[in-house]
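Residues per chain are reported as follows:
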Amino acid sequence: MGIKVSRRDLGLLQKDINKAVSDSMNSTYRYFRRITPKRSGNARSNTDFDRRNLEIIADYPYAARLDEGWSKQAPRGMTEPSFKHLQSQLDKEFRRI
């Protein structure tokens, strides 16, 4: 007994997986920006998303302090809650596949 999988099926599965990861990261980027503290708007406006590397970039000098919970607006920071959001998004996307 064996399992046969065609290259076409594998290609379609890979395409679905890539889309699931990309969609989940896009959602997580929006979530990260939404929970980033907003006082002057500098932190949110200097948070970007590198779609090629699927990386959220907080490009401002006090990003680490905000992420450590320095702000009352984001006492848990942004990374940990965003990571949990990403996990739930990936779970939802992979259940769909």
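As the structure is a prediction and not an experimental result, all values here were calculated from the model.

> Please explain the pairing of strand β2 (residues 55-58) as it appears in this structure.
Each regular strand displays side chains that alternate between the two surfaces of the sheet. Where strand β1 (residues 47-50) and β2 come together, 4 bridges link them in antiparallel fashion. Bridging from a neighbouring strand, F49 pairs with I56 of β2.

> When you look at the pattern of salt bridges in this model, what are you seeing that I'm missing?
Proximity of charged atoms lets side chains of opposite charge pair with each other. Inspection of every chain in the model, using the stated rule, returns 4 salt bridges. The residue K84 makes a salt bridge to E80 at a minimum N-O spacing of 3.4 Å. In this pair, K84 and E80 both sit in helix α4 (residues 79-96), 4 residues apart, roughly one turn of the helix. Since its relative accessible area comes to 46%, E80 is described here as partly exposed. Of the charged contacts, one joins E93 and R96 as a salt bridge, the two residues approaching to 3.0 Å between their closest N and O atoms. Of the two residues, E93 and R96 both sit in helix α4, 3 residues apart, roughly one turn of that helix. Here E93 falls in the buried class, since its relative accessible area comes to 13%.

> Sorry if this is basic, but what is going on with the environment of R7 here?
Mapping R7 onto the fold places it in helix α1 (residues 7-35). Sequence separation between R7 and T36 is 29 residues; the distance between their C-alpha atoms is 43 Å.

Conventions we followed
Residues numbered from 1 in each chain as written. Predicted model: local features only at pLDDT ≥ 70, side-chain atom pairs only at ≥ 80, totals over all residues. Heavy atoms only, no water. Pairing = 2+ DSSP bridges. Helix = DSSP H or I, 4+ residues; strand = E, 2+ residues; numbered from the N terminus. Salt bridge = Lys/Arg side-chain N within 4 Å of Asp/Glu carboxyl O. Buried < 20%, exposed > 50% of the residue type's maximum accessible area, 1.4 Å probe, protein only.

None of the figures reported here should be taken as evidence of function without further support.
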